[in-house]
Amino acid sequence: RTGAVAGIVTPVLLLAGIQADYPELVMIALAGVAAFALAAIWMLLRPQISAVREIRPQRVSEGSPARAVLTVKNTGTRRSPPLVVTESVAEQRVTVPLPSLAAGADHETTYPLPTGRRGRYSIPALTVGHSDPLRLLRTGSPCSSGSVLYVHPRIHHVSPVPLGGPRDMEGPTSSRSPQGGIAFHSLRDYQPGDDWRLIDWKSTARTGSLVVRHNVIPDEPRHLVVLDTSAGPYAGQAFEEAVRVAASLCSAASHAGFPIDLRVTGGGSQSSELGALDLLSEVAATAADPGLSTVAELLTDVLAGSDGTVLVVITGQAVS
């Protein structure tokens, strides 16, 4: 800003001094020209800087603190001037001043990142620049690499949706069941890496090849959460609250040990808590979204491949 103001005032003073035959104004204008000339020479001495930026943590909830850790090193042979690092995060500009560094010296600094609104924020490569002592000119160049910050929806602590009865730890199994449990599903041929304690010696003796017990985690009712992302049912902050409800139910079911499946009517699905929160961080309500008219399509594959599903549909006010 200083350079912009000086760049406007200097020619105005020069023209006014010449027109009014006022040598004092001309001298002030020439001093401004000299200052710009010295600033341009100073800017030619561009420092050689390397920078590494790390986002900690990369995933946070709304309002939770997140920070960037910046490590800058002077790779040149002379002392670098004071530097300025500029960031653009969530449509906000963050400016970080850096001290002068001796040749080969490094400096680490941290600065907070805005996390007031949920979203998936692609942070471009940071710009490291320097300016002259009078701050008339400034130059900068991209340094480091881009980063991504996920701001997840705020989660309310709730209980998972009831299943209508106690959980069956000896429930049914299938070939799709995750391995590692204690429920016996079938026998199969031994594979390198299998636990020798699972070898079924009777079957091995009968077949002449190693056979192991295939133990799995019993199939459990899946929590299916469907979020309406059409714009019609929502007004004000209602959609943000709906997103938080969806995030809270997915988190509660996952922490209780149940499989989850998040679907949004605008397209997209996730079957893990982290994936669901990442998806919910960037969903938006749009007028082109078909809304709940697509629920039947969303449910077909889930209901066909599961013995039990807990369904939750989240939407706003009904639209006539």
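Use the structure listed above.
This write-up is about the structure you can find in this document. (Residues numbered from 1 in each chain as written. Predicted model: local features only at pLDDT ≥ 70, side-chain atom pairs only at ≥ 80, totals over all residues. Heavy atoms only, no water.)

### Side note on the overall build of the protein chain
Then comes step 1: Helix and strand content of the protein chain: 6 helices and 16 strands.
Then comes step 2: Within the protein chain, contacts between residues at least 6 apart in sequence are counted, and of these 69% link residues at least 24 apart.
Then comes step 3: Summed over all atoms, the accessible surface of the protein chain reaches about 18,200 Å², with 57% contributed by carbon and sulfur. (Helix = DSSP H or I, 4+ residues; strand = E, 2+ residues; numbered from the N terminus. Contact = heavy atoms within 4.5 Å. Areas by Shrake-Rupley, 256 points an atom, 1.4 Å probe, with all protein chains shown as cover.)

### Some points on the pairing of strand 10 (residues 147-152)
Then comes step 1: Taken across its 6 residues, strand 10 has 6 buried, putting it largely inside the fold.
Then comes step 2: Neither face of strand 10 is exposed, since S147, L149 and V151 on one face and V148, Y150 and H152 on the opposite face are all buried.
Then comes step 3: In the sheet, strand 2 (residues 59-61) pairs with strand 10 via 3 bridges, with the strands oriented parallel. Across the sheet, residue R59 finds its bridge partner in strand 10, namely Y150.
Then comes step 4: By the bridge criterion, 5 bridges tie strand 7 (residues 119-123) to strand 10 in an arrangement that is antiparallel. Among the inter-strand pairings, S122 is bridged to a residue of strand 10, identified as V148. (Buried < 20%, exposed > 50% of the residue type's maximum accessible area, 1.4 Å probe, protein only. Pairing = 2+ DSSP bridges.)

### Brief notes about a nonpolar patch on the surface
Then comes step 1: Taken together, V5, I8, V9 and V12 make up a surface patch of nonpolar side chains, about 360 Å² in accessible area.
Then comes step 2: Here V5 shows up in helix 1 (residues 2-20). (Patch = residues over 30% accessible without salt bridge, like charges linked within 9 Å, V, L, I, M, F, W, Y side chains within 5 Å. Salt bridge = Lys/Arg side-chain N within 4 Å of Asp/Glu carboxyl O.)

### With respect to the sheet that holds strand 16 (residues 309-314)
Then comes step 1: With mixed pairing, the 4 strands of this open sheet are ordered in space as 15-14-13-16. Each having just a single partner strand, strand 15 (269-270) and strand 16 make up the two edges of the open sheet.
Then comes step 2: Direction of pairing for strand 14 (residues 260-264) relative to strand 15: antiparallel, over a ladder of 2 bridges. Counterpart to R263 in the pairing with strand 15 is S269.
Then comes step 3: On top of the sheet, helix 4 (residues 238-255) reaches strand 13 (222-227), strand 14 and strand 16; it is set at about 170° to strand 13, its chief contact.
Then comes step 4: Against the sheet, helix 5 (residues 273-282) contacts strand 13, strand 14 and strand 15, and its axis sits at roughly 15° relative to strand 14. (Axes fitted to C-alpha atoms, helices over the stretch in contact; angles between N-to-C directions.)

### Notes on helix 5
Three- or four-residue spacings in an α-helix give side chains the same orientation, since the helix completes a turn every 3.6 residues.
Then comes step 1: For helix 5, the buried fraction is high: 8 of the 10 residues fall into the buried class.
Then comes step 2: Of the residues making up helix 5, those classed as buried are E273, G275, A276, L277, D278, L279, L280 and S281.

### Let's talk about the packing of aromatic side chains
Then comes step 1: Under the criterion given, the structure shown has 1 aromatic pair.
Then comes step 2: The interplanar angle of 75° and the centroid separation of 5.1 Å between the aromatic rings of Y234 and F239 together place this pair among those described as edge-to-face.
Then comes step 3: Looking at Y234, the relative accessible area reads 11%, which means it is buried. (Phe/Tyr/Trp six-rings, centres within 6.5 Å; stacked < 30°, edge-to-face > 60°.)

### A short note on the sheet that holds strand 10
Then comes step 1: Strands sit in the order 2-10-7 across an open sheet of 3 strands; the sheet is mixed. Only two strands of the sheet have a single neighbouring strand rather than two, namely strand 2 and strand 7. Mean inter-strand twist for the sheet, computed between neighbouring axes without regard to direction, equals 20°.
Then comes step 2: Each of strand 2, strand 7 and strand 10 touches helix 5; the most contacted strand, strand 10, lies at about 95° to it.

### Structural notes on the pattern of salt bridges
Then comes step 1: Under the defined criterion, the tally for this structure stands at 7 salt bridges.
Then comes step 2: With a shortest N-O distance of 3.1 Å, R56 and E54 are connected by a salt bridge.
Then comes step 3: Residue class for E54 comes out partly exposed when judged on its relative accessible area of 40%.
Then comes step 4: Residue E240 pairs with R118 through a salt bridge whose shortest N-O separation is 2.8 Å. Highlighted residues: E240 in helix 4 and R118 in the loop between strand 6 (106-112) and strand 7, separated in sequence by 122 residues.
Then comes step 5: Classification of E240 as partly exposed rests on a relative accessible area of 21%.
Then comes step 6: Salt bridges sharing common partners tie together E62, E241 and R244.

### A few points about the nonpolar core
Note that soluble globular proteins tend to have their nonpolar side chains buried in a common cluster.
Then comes step 1: Counting 24 residues, the largest nonpolar core has L70, L113 and V128 as its most contacted members.
Then comes step 2: Only strand 1 (49-56), strand 3 (67-74), strand 4 (83-89), strand 5 (92-98), strand 7, strand 8 (126-131) and strand 10 provide two or more residues apiece to this core.
Then comes step 3: Residues in contact with V128, not counting those within four places in the same chain, are I49, A51, L83, V84, V85, T139, G140, S141 and C143.
Then comes step 4: Judged by nonpolar contacts, the second largest core, of 21 residues, contains Y234, I260, V264 and L280. (Core = buried A, V, L, I, M, F, W, Y, C linked by side-chain atoms within 4.5 Å.)

### Here's the deal with the environment of W42
Then comes step 1: If you trace the backbone, W42 turns up in helix 2 (residues 23-44).
Then comes step 2: W42 sits in the partly exposed class, given a relative accessible area of 36%.
Then comes step 3: In sequence terms W42 and L137 are 95 residues apart; their C-alpha atoms lie 9.3 Å from each other.
Then comes step 4: Once residues within four sequence positions are removed from consideration, W42 is found in contact with P81, H130, S131, D132 and P133.

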